[in-house]
Amino acid sequence: MTARNSLRLLSLAILAAALLVASIALGAADLPLRAVLDALSGGGEDPARTIVLNLRLPRAALAVLVGGSLGLAGAVFQALLRNPLAEPYVLGVSGGAAVGAVAAVVLGWNLYAPWALPIAALVGALFAITLVLRIAARAARGFDTRVLLLAGVVVGAFFHAVILLLLSFASADAYRSAGLWMMGSLAAADWSAVLLLAAYLMPAIVVLLLMARPLNLLAMGEETALYLGTNVERVKLASYLIASLLVAAGVAVSGVIGFVGLIVPHAIRLMWGSDHQLLLPASVLLGGGFMLAADTVARTAAAPAELPVGVITALVGVPLFVVLLTRRVV
Amino acid sequence: MSGPPVFEARGLRFSYEGAARPALDGVDLQVGGGSLYAIIGPNGSGKSTLLKLLLGALQPQAGAVSYAGRRVGDWTRRALAQQIGAVPQGEEMAFPITVREMVAMGRYPYLGVLGRPSREDREAIDQAMERCDVIELAERPLSRLSGGERQRALIARALAQRPATLVLDEPTVSLDIRHEMTIFELLAELTGSDGVTVVLVTHNLNLAARYADRLLLLDAGRPAAEGTPADVLSQEIIEKVYGWSVVVAPHPGPGRDAGAPQITPLTGEG
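Undergrad: How do you make sense of the sheet that holds strand β2 (residues 24–32) of chain B when you look at a structure like this?
TA: Strand pairing in a sheet takes place through backbone hydrogen bonds and is either antiparallel or parallel in direction. All names here are of chain B. What the 4 strands build is an open sheet, ordered β2-β1-β4-β5; its pairing is antiparallel. Both edges of this open sheet fall to β2 and β5 (70–71), since each of them pairs with a single strand only. Here helix α1 (residues 47–54) sits on the sheet in contact with β1 (5–14), β2 and β4 (62–67), set at roughly 60° to β2.

Undergrad: Help me out: how do you make sense of the packing of aromatic side chains in this one?
TA: Aromatic ring pairs are described here by two measures, namely the spacing of the ring centres and the angle between the planes. In this structure the tally under the stated criterion is 6 aromatic pairs over all chains. Plain terms: the ring middles of phenylalanine 158 of chain A and phenylalanine 159 of chain A are 6.4 Å apart, the flat faces sit at 55° to each other, and that makes the pair tilted. On the basis of relative accessibility, which here comes to 55%, the residue phenylalanine 158 of chain A falls in the exposed class. Aromatic pair phenylalanine 7 of chain B and tyrosine 67 of chain B: ring centres 5.1 Å apart, planes at 65°, arrangement edge-to-face. Within this pair, whereas phenylalanine 7 of chain B is found in strand β1, its partner tyrosine 67 of chain B is found in strand β4, the two being separated by 60 residues in sequence. Like tyrosine 67 of chain B, phenylalanine 7 of chain B is buried. Among the aromatic residues, those joined into a cluster by ring pairs are Phe127, Phe158 and Phe159 of chain A. Positioned above the aromatic ring of phenylalanine 95 of chain B, the side-chain terminus of arginine 269 of chain A is 4.0 Å from the ring centre. The positively charged end of arginine 70 of chain B is found above the aromatic ring belonging to tryptophan 75 of chain B, 4.7 Å away from the centroid.

Undergrad: Would you take a moment to explain the interface of chain A and chain B for this structure?
TA: For an interface, size is often stated in terms of accessible area lost upon the parts coming together. On the side of chain B, 35 residues touch chain A, which itself brings 29 residues to the contact. When chain A packs against chain B, close to 2,800 Å² is buried across both sides, 60% of that on carbon and sulfur atoms. Interface area lost by chain A to chain B is led by Arg213, Met220 and Tyr227 of chain A, which between them contribute 30%. Taking the shortest distance from any N to any O, the salt bridge between glutamate 223 of chain A and lysine 52 of chain B comes out at 3.9 Å. Linking chain A with chain B are 5 residue pairs in polar contact (both at pLDDT 80 or more).

Undergrad: Would you mind showing me how to read a nonpolar patch on the surface here?
TA: Residue and element names in this part refer to chain A. Taken together, the side chains of Leu180, Met183, Val311, Leu315, Val316 and Leu320 make up a nonpolar region of the molecular surface, amounting to roughly 490 Å² of accessible area. Counting only elements with at least two residues in the nonpolar patch, the list comes to α8 (172–183) and α15 (309–327). Looking at the nonpolar patch, the element that brings in the most residues is α15, giving 4 residues. Relative to the assigned elements, methionine 183 resides in helix α8. For methionine 183, a relative accessible area of 33% corresponds to the partly exposed category.

Reading guide: rules and limits
Residues numbered from 1 in each chain as written. Chains lettered and ligands numbered in written order. Predicted model: local features only at pLDDT ≥ 70, side-chain atom pairs only at ≥ 80, totals over all residues. Heavy atoms only, no water. Pairing = 2+ DSSP bridges. Helix = DSSP H or I, 4+ residues; strand = E, 2+ residues; numbered from the N terminus. Contact = heavy atoms within 4.5 Å. Axes fitted to C-alpha atoms, helices over the stretch in contact; angles between N-to-C directions. Phe/Tyr/Trp six-rings, centres within 6.5 Å; stacked < 30°, edge-to-face > 60°. Buried < 20%, exposed > 50% of the residue type's maximum accessible area, 1.4 Å probe, protein only. Lys NZ or Arg CZ within 6 Å of the ring centre and 35° of its normal. Buried area = accessible area lost by both parts, 1.4 Å probe. Salt bridge = Lys/Arg side-chain N within 4 Å of Asp/Glu carboxyl O. Polar contact = N/O pair within 3.5 Å; in protein donor to acceptor, adjacent residues only side chain to side chain. Patch = residues over 30% accessible without salt bridge, like charges linked within 9 Å, V, L, I, M, F, W, Y side chains within 5 Å. Areas by Shrake-Rupley, 256 points an atom, 1.4 Å probe, with all protein chains shown as cover.

As structure tokens, then:
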């Protein structure tokens, strides 16, 4: 890591920290910044303290975790598939998760146990990952990422048909809940969810960050990667599985939040290039920060009503991305 | 002029799935240490396949390849990457990176996953870029280089590996005379003063004749001739393998390679 890149990461970390404080300060109850900082540093008084520590902080932490995971998974899939259009959901994970979640809603499981929906979504996502992998393994010798991409796209399309089928049997209420889930929300955040997710996501994020050099080589080409000492098949399989599992957990807890995994890595690339040693950690930080900002808007823009955060990420992210794209020559 | 064999291959056979005939069949090869060895032959004669077998990207269905006395498959990829620098053909970076970032990849075999680049790594990168005359382009995006600059940057990456052996697949394809000559001069310098062994595939028979110590001529996957340029590049052999009438005349000089056989294809023949 060069000094310049360390500085870039530091600036993103400061940005994310500032967004974290701002996101906690803003919300339905007006909290002065002073009270927020007091509560965060272990002091403060109720009710500000409870609001900050038990409501807004876990939600902000979830935003950072999910946003960081989506940003990172997007960057990894783009390198693995050598395709700038790849995003975390390109290989059908979101379709599988959505089938699980919609089934849970339509069949009313979520009314019996609050954990039924995320668990059903996770099972659906894991099923999608297994299915895509098995199709790809059967269609081609070795692990051909072009076949993987095709398998992911068709499996995703099939799952979306299943979702529409399920929804055609749904009551109006179930239809609405399923629709909202599919647009993404971080409202389910509490400390137990955040800690569980963190215990799962943090090791996966660390392992993917360690794959920066092999991913640099894979983005050059598989032959180059082999000749520069990479065990190509192992790196491809590991990065696919770990990134997919990362997305599966995020989507199970917060629904399908689009565009983060596409926009964030490209914003970094347009600013600072594609060296994955910088791109991967920067995508985690910017993804987390972007999600914090989007969730804050989702909570406050139409308060007391809450907007789906996936809608915000798309509405804000896409124009921002277009500006970046047209200003800079790739 | 050449030391003990670096690459040794015996009885190589390889067929691609679903192909009517093997891409390679019965190929033997011995590349002496510190020599420049050129593999030539018509399109589809198996040159690139042979390189991939030497580099372990493909596994032979019969026969064996060894590097420095050890079967290629028995080397770890990382140990092999510290020995052999390879310049494959036609790989495109999917995303924008600078020349320096790309050349720096040549040090990955030494760094592994976590290692921090040392002073030696940075020196190897700078020296390789200087040697290939791309140091002024270091901060430029790879996508904005010309064909010649790009090829030199790829060779710089291989040199940053500080390899004992350099393997190149048509390194001068689509380059103009000056850029092509620069690359061949560099390869000659590497084999001469640096003792690097060079194996390359090329379509330029006349430059192969002037620079290579030995040639292997492939024809439809089989060895048609092997030996010094004077042995391999005879009118009879070339006409038979390429199916075109040629004249072969010694290079008139000046230069250290005066007398090397030079091939001129004739017009109005066939």
